[in-house]
Every structure is written in structure tokens, then in C-alpha cells.
Amino acid sequence: MPDDLVLSEDDEKAFEEAGIELCGGILSGDASSFRGKVYSDIVEAVTNKSLYNDWLPPETVMEMSEVLSKHTPGELVTINKKVSAYDDHTEDEMVGLQKFFRVCAERGLGIIGWS
């Protein structure tokens, strides 16, 4: 994982413009961060990739985005109910999850795991 990762103003703007509605990260509250624990089961069930990594490189995030986008939000809700203790996610949240990964993929961003 690169040590000097910082989102550019354009990256932050892309997240804001996407209108992503997800559970925010601890002390973050911005659109470029979310509580991975809450979405880890659905993400892993669909993409076979864990959010419990210190670093997910851009290539991996792009693959994850592509797989997530193959499902409708309703399908993701159904899968989530089967695999997660956090089973009350809505279709709107699943749209937000897809948007989050799409913005990351389009901008060539990786994901840093919270530890």
C-alpha cells in the first residue's frame, strides 16, 4: 500500500457529485469513506473479495465494481439478507454501494482498510 495516499479535490468532488448514501466512516462523515464492516458480507458474497484488507489496489476495486454492477439493487438486498447480520440495507444503499465502487473504479482509486 502506498504510504502517501491522499484524495485529490477532484476525487472528493466526484464522490460528492455521485450523491452516495452509505453508513459513514468513524470520524469521517464524507462520501469517500464508509463503514466497511456494515457492507463487508454483501461485498464478499458478490465479489469474493474481502474489505478486511489493508489495501485493495485499483485493479481489484475495478473488478469489484464490475461484479457489483451486474446485480440490480434488489438482487443485492436479497443476497445481503442471506449473508449479513446487517440485513436491513435498502435498495438505495445498494445503489450507493455500487456508486461508491464505480467512482473508485472510474478514478483509478484503491481502497484503504480501516484498522
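Residues numbered from 1 in each chain as written. Predicted model: local features only at pLDDT ≥ 70, side-chain atom pairs only at ≥ 80, totals over all residues. Heavy atoms only, no water.

Asks: So what about the packing of helix 2 (residues 36-47) against helix 3 (residues 58-69)? Which residues, and what values?
Replies: The contact between helix 2 and helix 3 brings their axes to 9 Å, and the two run at 90 degrees. As the angle between them shows, helix 2 and helix 3 are arranged roughly perpendicular. Taken together, the residues of helix 3 that come into contact with helix 2 (itself represented by V43, V46 and T47) are M64, V67 and L68. For the contact of helix 2 with helix 3, the per-class residue count stands at 5 nonpolar, 1 polar and no charged. (Axes fitted to C-alpha atoms, helices over the stretch in contact; angles between N-to-C directions. Helix = DSSP H or I, 4+ residues; strand = E, 2+ residues; numbered from the N terminus. Parallel < 35°, antiparallel > 145°, perpendicular 65-115°, else oblique. Contact = heavy atoms within 4.5 Å. Nonpolar A, V, L, I, M, F, W, Y, C, P; charged D, E, K, R; others polar.)

Asks: Report on the pattern of salt bridges, specifying residues and quantitative values.
Replies: Per the counting criterion, the structure on display carries 2 salt bridges. For R107, the salt bridge goes to D11, with nearest N and O atoms at 2.6 Å. Highlighted residues: R107 in the loop between helix 5 (91-106) and strand 2 (111-112) and D11 in helix 1 (residues 9-18), separated in sequence by 96 residues. A salt bridge links K13 to E17, with the nearest nitrogen and oxygen atoms 3.8 Å apart. Placement of the pair is K13 and E17 together in helix 1, with a separation of 4 residues, close to one helical turn. (Salt bridge = Lys/Arg side-chain N within 4 Å of Asp/Glu carboxyl O.)

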